[in-house]
Amino acid sequence: NRDIEVNIIHFSNTAPFYYLDKKVEIYNKKITSSLFKIFQKINFIKKIIKQTKPNAIISFLPNICCYSYIANKNKIPLIVSERNDPNTLSTLYKKACKFVFNRASGCVFQTKDAQLWYGEKVAKKSIVISNPVFLTTDKIRNNPNNKIISVGRLNDQKDFMTLIKAFKIFNEFYDGFALKIIGEGKNRDSLQQLINESGLKCKIELPGNISDWHESE
């Protein structure tokens, strides 16, 4: 709406989870070789930068932030974003991300703790922006169905194992509640196994990805 051209580089084989305006151009690259995937991604980012000639680059995820820094030969302003807990990064990526974030034009963090982890120099050129939730006024109401909803990737970092264990304890005192964990990921089978072993199959649901969960739930 502001006549700003937006291009998105997408490396996933799945469709974007959120709604995107039709004016947004998506450049998708399916990585076929795990051996050379880093070089494929860097070269593809470099190709799109050269093709679109952006005024700014915004990158997400630790590895993509590093790849974007390498691909950015023309030194276009680069804004990097850390949306997770940097303590969970490997030793290599901890060093690489600190190097890149210190040299980026700006940084965006999801939490204050993540911002402080990168040090004072990075903190001075950064901002904390929480994840958005788009709720219409009529959706902000009491929950008459006693339903608890959690949304995120089903991976180790999100630690839904702890949530399920906590809900089991909670359920012993308040058995009228149900838990729905919305999302998809590699830990689906292990999470479902824990749910079954905990005797909570009728109380905890893993429905997969639901893009409009904030409207439908």
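**Some details on the sheet that holds strand β7 (residues 147-151)**
1) Next: In spatial order, the strands read β7-β8-β9; together these 3 strands make up an open sheet with parallel pairing. Two strands close off the open sheet at either side, each with one partner strand: β7 and β9 (204-208). For this sheet the average axis-to-axis angle between neighbouring strands, irrespective of direction, equals 20°.
2) Next: Where β7 lies against strand β8 (residues 178-182), 5 bridges are found, and the strand directions are parallel. Of the residues in β8, the one forming a bridge with Val151 is Ile182.
3) Next: This element, helix α6 (residues 160-173), spans β7, β8 and β9 of the sheet and lies at about 170° to β8.

**Topic: the nonpolar core**
1) Next: Val80, Phe101, Cys107, Phe109 and Tyr118 are the most contacted members of the largest nonpolar core, which totals 26 residues.
2) Next: Sorting the residues of this core by element identifies α1 (37-52), α2 (62-71), β4 (78-82), α3 (91-103) and β5 (106-109) as the ones contributing at least two each.
3) Next: Every residue in contact with Cys107, bar those within four places of it in the chain, is listed here: Ile79, Val80, Phe101, Val122, Lys125, Ser126 and Ile127.
4) Next: In this structure, Leu154, Phe160, Phe167 and Leu194 belong to the second largest nonpolar core, which totals 12 residues.

**As for the sheet that holds strand β6 (residues 126-128)**
1) Next: Here we have 4 strands laid out as an open sheet, ordered β3-β4-β5-β6, and parallel in their pairing. This sheet does not close on itself; its edge strands, each paired only once, are β3 (57-60) and β6. Neighbour-to-neighbour, the strand axes of the sheet open up by a mean angle of 20°, direction not taken into account.
2) Next: Across the sheet, α2 touches β3 and β4, and the angle it forms with β3 is around 145°.

**Considering helix α7 (residues 188-197)**
1) Next: Regarding α7, the residues found buried are Leu191, Leu194 and Ile195. All buried residues of α7 project into a common sector of 100° when viewed along the axis, lining one side. More than 90 degrees from the buried face of α7, the exposed residues found are Asp189 and Glu197.
2) Next: In this fold, the buried residues of α7 make contact with α6 and β9.

**Quick notes on the environment of Val80**
1) Next: Examined against the element boundaries, Val80 turns out to sit in strand β4.
2) Next: On the basis of relative accessible area, Val80 is assigned to the buried category, the value being 0%.
3) Next: A sequence separation of 23 residues divides Val80 from Arg103, and the C-alpha atoms of the two residues are 9.9 Å apart.

**Let's talk about unusual backbone geometry**
1) Next: The backbone of Leu61 sits at a positive phi, close to 75°, despite the residue not being glycine.
2) Next: Here Leu61 lies in the loop between β3 and α2.
3) Next: Overall, Leu61 belongs to the partly exposed group, its relative accessible area being 44%.
4) Next: With phi around 50°, Asp159 is a residue other than glycine that occupies positive phi space.
5) Next: Mapped onto the secondary structure, Asp159 falls in the loop between β7 and α6.
6) Next: Among the residues examined, Asp159 registers a relative accessible area of 37% and is labelled partly exposed.

**Re α2**
1) Next: Burial analysis of α2 places 7 of its 10 residues in the buried class, which makes it a mostly covered element.
2) Next: Taken together, the buried positions of α2 are occupied by Pro62, Ile64, Cys65, Cys66, Tyr67, Ser68 and Ala71.
3) Next: If you follow the buried residues of α2, they end up packed against α1, β3, β4 and α3.

Each value, and the rule that gives it
- Residues numbered from 1 in each chain as written.
- Predicted model: local features only at pLDDT ≥ 70, side-chain atom pairs only at ≥ 80, totals over all residues.
- Heavy atoms only, no water.
- Pairing = 2+ DSSP bridges.
- Helix = DSSP H or I, 4+ residues; strand = E, 2+ residues; numbered from the N terminus.
- Axes fitted to C-alpha atoms, helices over the stretch in contact; angles between N-to-C directions.
- Contact = heavy atoms within 4.5 Å.
- Core = buried A, V, L, I, M, F, W, Y, C linked by side-chain atoms within 4.5 Å.
- Buried < 20%, exposed > 50% of the residue type's maximum accessible area, 1.4 Å probe, protein only.
- Arc of directions from axis to C-beta.

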